Amino acid sequence: MFNLFPLFSANTAIFNDAPQPWQLGFQDGASPTQEGITELHDSIFFYLVVICFGVLWVLSSVIVNFNSNKSQLVYKYANHGTLIELIWTITPALVLIAIAFPSFKLLYLMDEVISPSMTVKVAGHQWYWSYEYSDFINEDGESIEFDSYMVPETDLENGQLRLLDVDNRVVVPIDTHIRFIVTGADVIHDFAVPSLGLKIDAVPGRLNQTSVLIEREGVFYGQCSEICGVYHGFMPIAIEAVTPEKYLAWIDSQA
Amino acid sequence: MADVELKTAPADFRFPTTNQTRHCFTRYVEFHKCVNAKGEESDDCMKFAKYYRSLCPGEWVEKWNEQRENGTFPGPL
């Protein structure tokens with residue numbers, strides 16, 4: 001939630017692209033989708049706080065002022081109060097309308113069809129992910145395919161994140177419209193990467209499409225988000241976003 | 001490196017929603033219809049080949065190829 005600026009360098013920011021202990025807010029966004037989601041959340045949160053204060057104020061006023069020790073007067077025959085009923089109907093309606101505007105705006109923005117520049121196919125297995133890059137094939141007619149397993153705790157090197165780091169990351173270029181085609185190989189999984197605003201079910205027999213545009217370099221972590229068996233919590237996702245040049249070099253090395 | 005252009009199967013207005021299963025299947029069928037009509041080596045068909053390869057998981061393509069060889073492929077070839 002907070003950017004930490006090291007004291008010795010004002011230009012280096014450390015972004016929160018993985019879950020932090022006791023974290024309250026979202027991870028730092030790296031795509032327009034996630035930035036939109038964070039902004040929508042913040043604007044709804046404003047109304048949430050106002051309503052919370054209002055309700056707590058009324059509740060505490062009633063408890064403090066009208067408890068049995070304080071006041072014996074009770075309006076037994078109060079059947080209606082037109083003005084207050086108007087207020088507490090119209091005000092929530094207005095609040096809902098105020099929330100609906102940015103919500104629908106984001107929803108339709110996320111739904112915009114943008115022709116992608118590359119496609120990455122993702123298949124969820126029990127209990128790992130496999131990736132295919134088939135936009136280009138090498139001389140043998142094969143596309144780039146690899147599996148991505150979590151690094152077991154016993155094999156973690158210094159600096160690696162427990163339950164998040166994988167042996168083979170998904171390498172993609174920044175500033176490129178990427179289409180992910182997600183499916184499941186056995187049971188339903190879910191491909192989720194919070195920093196990129198990605199969450200899409202991986203269903204066997206179905207190809208779910210989602211798009212992302214990554215705005216900065218970095219490694220973005222996510223975890224399977226649909227219960228899929230004993231190791232559901234141990235099949236993470238790591239997307240490494242690099243410059244287009246490094247991406248092409250990586251493609252060359254894989255082919 | 002700067003003149004390398006990344007291309008993939010374009011967004012198809014016939015399949016505007018999240019579920020792209022039919023999109024992959026249609027491209028596969030279109031390729032094989034094209035091959036049946038124009039022959040294996042035709043360049044026009046390579047476009048469809050690239051599209052279905054980009055969209056369809058390798059396992060699905062292998063399964064469909066087997067089905068075509070067996071004569072059990074459930075598509076309008």
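Residues numbered from 1 in each chain as written. Chains lettered and ligands numbered in written order. Predicted model: local features only at pLDDT ≥ 70, side-chain atom pairs only at ≥ 80, totals over all residues. Heavy atoms only, no water.

A. Just the overall build of chain A, in detail. Secondary structure assignment for chain A yields three helices and 10 strands. Order of helices (α) and strands (β) in chain A, N terminus to C terminus: α-α-β-β-β-β-β-β-β-β-β-β-α. Its C-alpha atoms give chain A a radius of gyration of 25 Å, more than 25% over the compact-globule value 18 Å for 255 residues. Across its three principal directions, the C-alpha atoms of chain A cover 90 × 45 × 40 Å. Burial status across chain A gives 36% buried among its 255 residues. Within chain A, residue pairs in contact and separated by at least 24 positions form 61% of the contacts whose partners lie at least 6 positions apart. For chain A, the accessible surface area stands at approximately 15800 Å², while carbon and sulfur atoms represent 62% of it. (Helix = DSSP H or I, 4+ residues; strand = E, 2+ residues; numbered from the N terminus. Rg over C-alpha atoms; globule rule 2.2 N^0.38 Å. Buried < 20%, exposed > 50% of the residue type's maximum accessible area, 1.4 Å probe, protein only. Contact = heavy atoms within 4.5 Å. Areas by Shrake-Rupley, 256 points an atom, 1.4 Å probe, with all protein chains shown as cover.)

B. Local environment of a negative patch on the surface. A cluster of acidic residues, Asp140, Glu142, Glu145, Asp147 and Asp167 of chain A together with Glu59, Glu62, Glu66 and Glu69 of chain B, forms a negative patch at the surface. For the negative patch, the secondary-structure elements that each account for two or more residues are β3 (144-148) of chain A together with α3 (58-70) of chain B. In terms of residue count, the dominant contributor to the negative patch is α3 of chain B (four residues). Following the sequence through the fold, aspartate 140 of chain A ends up in the loop between β2 (128-133) and β3. With a relative accessible area of 63%, aspartate 140 of chain A lands in the exposed category. (Patch = residues over 30% accessible without salt bridge, like charges linked within 9 Å, V, L, I, M, F, W, Y side chains within 5 Å. Salt bridge = Lys/Arg side-chain N within 4 Å of Asp/Glu carboxyl O. Lys, Arg positive; Asp, Glu negative; His and termini not counted. Charge placed at Lys NZ, Arg CZ, Asp CG, Glu CD.)

C. Highlighting the confidence of the model for chain B. Residues and elements named next belong to chain B. Averaged over chain B, the pLDDT score is 90; the fraction of residues at 70 or greater is 97%. Of all the helices and strands in chain B, helix α2 (residues 43-55) carries the lowest mean pLDDT, 89, while α3 carries the highest, 95. Two summary scores accompany this predicted model of the complex, namely pTM at 0.88 and ipTM at 0.92. (pLDDT = per-residue confidence, 0-100.)

D. View of the state of the cysteines. Residue and element names in this part refer to chain B. All told, the structure shown has two disulfides over all chains when counted by the stated rule. Cysteine 24 shares a disulfide with cysteine 56; S-S distance 2.1 Å. Classification of the bridge connecting cysteine 24 and cysteine 56 rests on its S-S torsion, roughly 125°, and on that basis the disulfide is right-handed. In this pair, cysteine 24 sits in helix α1 (residues 21-38) while cysteine 56 sits in the loop between α2 and α3, placing the two residues 32 residues apart along the sequence. Note on accessibility: cysteine 24 and cysteine 56 belong to one class, buried. (Disulfide = S-S within 2.5 Å.)

E. Helix α2 (residues 82-110) of chain A, seen in detail. Residues and elements named next belong to chain A. The terminal C-alpha atoms of α2 lie 42 Å apart, and with 29 residues this matches the ideal 42 Å at 1.5 Å per residue to within 8%. All of the buried residues in α2 are Val95, Ile99 and Leu106. Buried residues along α2 sit against α1 (32-65). (Expected span 1.5 Å × (residues − 1).)

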